[in-house]
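Each chain is listed here by its residues.
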Amino acid sequence: NYKPDRKLTVTSPENLPKTRKFPDVGVAAMYEDLANPDKSLSSFLLSNPFGSSGHGHASQNAFTINYKGKIIFGGAGYYSNFSDKHNLLDYRSSKAYNTILADSLNQKIGEEGYGWIPRAISGNRIQYALGDASNAYGEIKSEFWLNRFKQINVTPSKANGYGESGVTLYRRHMLQLQGGYIVLYDELEANKPVKWTTQFHTPY
């Protein structure tokens, strides 16, 4: 089907909405100037309905912020192996992302640790998205991932950042305002006292 000589119409994205929600993959993308992302601010809220399995990570309600085409806040770590110690305890875990830990515990790895994007709004001066990661926390249940931990002789225990934290609600409201402002508002509940830790990873 490759036809290098066909003449396709080129259209500027400047008339597209500044915010677009992709609920099937759990991403809300917000742009200050979609036609010139290399000169402006853009931000992304992540909350994946498939959970953190396969290529997915335990990054529900995490965000990424880019400015002039560069990552200002984003994920940390590096890919070393699909399920070695670094991958399971760092790179794939919540602590590598701009989300929240509950009593220093990550979200669970597996399809059961999922999030979703209930709504997003595109305006002229205000962009908005809501992520819900209320089902992202707790003990790892997936036999596939428990087996991966077992293969490398690592236990998904509280000492290693996994376990039941008691989280019952985690909704993150994210706004991108005209003028280069980002506002985060988190709704958090648990069935016991919890120390909430928010984190921001930046390469600069």
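About the cut-offs
Within each chain, residue numbers correspond to sequence positions counted from 1 in written order. Where local features are concerned, this predicted model is filtered to residues with pLDDT of at least 70; where side-chain atom pairs are given and counted, the filter is 80 or more; whole-chain, interface and lining totals use all residues. Excluded from the side-chain calculation are hydrogens and water; included are all heavy atoms of the structure. Helix numbering and strand numbering both begin at the N terminus, where a helix is a DSSP run of H or I of at least 4 residues and a strand a DSSP run of E of at least 2. The size measure is the radius of gyration over C-alpha atoms, and the globule rule it meets is 2.2 Å times the number of residues to the 0.38 power. Any residue under 20% of the maximum accessible area for its type is buried, any over 50% is exposed, and the rest in between are partly exposed; the area is computed with a 1.4 Å probe on protein chains only. For Phe, Tyr and Trp, rings pair up if their centres lie within 6.5 Å, where Trp contributes its six-membered ring, and each pair is then called stacked (planes under 30 degrees apart), edge-to-face (over 60) or tilted (otherwise). The rule is short: NZ of Lys or CZ of Arg within 6 Å of the ring centre and within 35 degrees of the ring normal puts a charge over the ring. Each nonpolar core is a collection of buried residues, namely Ala, Val, Leu, Ile, Met, Phe, Trp, Tyr and Cys, held together in the definition by side-chain atoms within 4.5 Å. The criterion used for residue contact is that any of the two residues' heavy atoms lie within 4.5 Å. At least two DSSP bridges between two strands are required for those strands to pair. Only the stretch in contact is used when a helix axis is fitted, and all axes are lines through C-alpha atoms; the angle between N-to-C directions ranges over 0 to 180 degrees.

Draft legend 1. Region of the structure containing the overall build of the protein chain. Tallying secondary structure elements over the protein chain gives two helices and 11 strands in all. When the elements of the protein chain are put in sequence order from the N terminus, they spell out β-β-β-β-β-α-β-β-β-α-β-β-β. Over its C-alpha trace the protein chain gives a radius of gyration of 18 Å, about what one expects of a compact globule, namely 17 Å for 204 residues. For the protein chain, with 204 residues in total, the buried portion stands at 41%.

Draft legend 2. Broad picture of the packing of aromatic side chains. This structure, assessed with the given rule, holds 10 aromatic pairs. Measuring from centroid to centroid gives 6.3 Å for Phe 63 and Phe 73, while their planes differ by 65°, and the two rings are edge-to-face. With Phe 63 in strand S4 (residues 62-67) and Phe 73 in strand S5 (residues 70-73), the pair connects residues that are 10 residues apart, well separated along the chain. Assessed through its relative accessible area of 26%, Phe 73 is described here as partly exposed. Taking 5.0 Å as the distance between ring centres and 85° as the angle between the ring planes, the aromatic pair formed by Phe 144 and Trp 145 counts as edge-to-face. In this structure an aromatic cluster arises from ring pairing among Phe 63, Phe 73 and Phe 200. The cationic tip of Arg 92 hangs over the ring face of Phe 82; the distance from NZ or CZ to the ring centre is 4.9 Å.

Draft legend 3. View of the nonpolar core. Listed in full, the nine residues of the largest apolar core are Ala 28, Met 30, Leu 41, Leu 45, Phe 63, Ile 65, Ile 117, Ala 129 and Met 174. Put simply, the parts of the chain that give this core at least two residues each are strand S2 (27-31), strand S3 (41-46) and S4. Aside from chain neighbours lying at most four places away, what touches Met 174 is Met 30, Ser 43, Phe 44, Leu 45, Phe 63, Ile 65, Gln 127, Tyr 128, Ala 129, Ile 182, Val 183 and Leu 184.

Draft legend 4. How the structure looks around the sheet that holds S2. Spatial strand order, S1-S2-S3-S4-S5: five strands in an open sheet with antiparallel pairing. Both outer strands of the open sheet, strand S1 (19-22) and S5, are each paired with one neighbouring strand and no more. On average, adjacent strands in this sheet sit at an angle of 20° to one another, irrespective of strand direction. In the sheet, S4 pairs with S5 via three bridges, with the strands oriented antiparallel. Following the sheet pairing, Ile 65 is matched in S5 by Phe 73.

Draft legend 5. Structural detail: the sheet that holds strand S9 (residues 167-177). Pairing within the open sheet is antiparallel, and its four strands lie in the order S7-S8-S9-S10. The open sheet is flanked by strand S7 (116-122) and strand S10 (181-190), the only strands paired with a single partner. Sheet twist, expressed as the average angle between the axes of neighbouring strands with direction ignored, equals 10°. Here S7 pairs with strand S8 (residues 126-132) via five bridges, running antiparallel. By the bridge assignment, Ala 120 is partnered in S8 with Ala 129.

Draft legend 6. Looking closely at the environment of Asn 48. Mapped onto the fold, Asn 48 is located in the loop between S3 and S4. Residue class for Asn 48 comes out buried when judged on its relative accessible area of 18%. Between the C-alpha atom of Asn 48 and that of Pro 37, which follows or precedes it by 11 residues, the distance is 24 Å. Beyond its immediate chain neighbours, meaning those up to four positions away, Asn 48 contacts Val 25, Gly 26, Gly 56, Gln 60, Tyr 114 and Gly 115.

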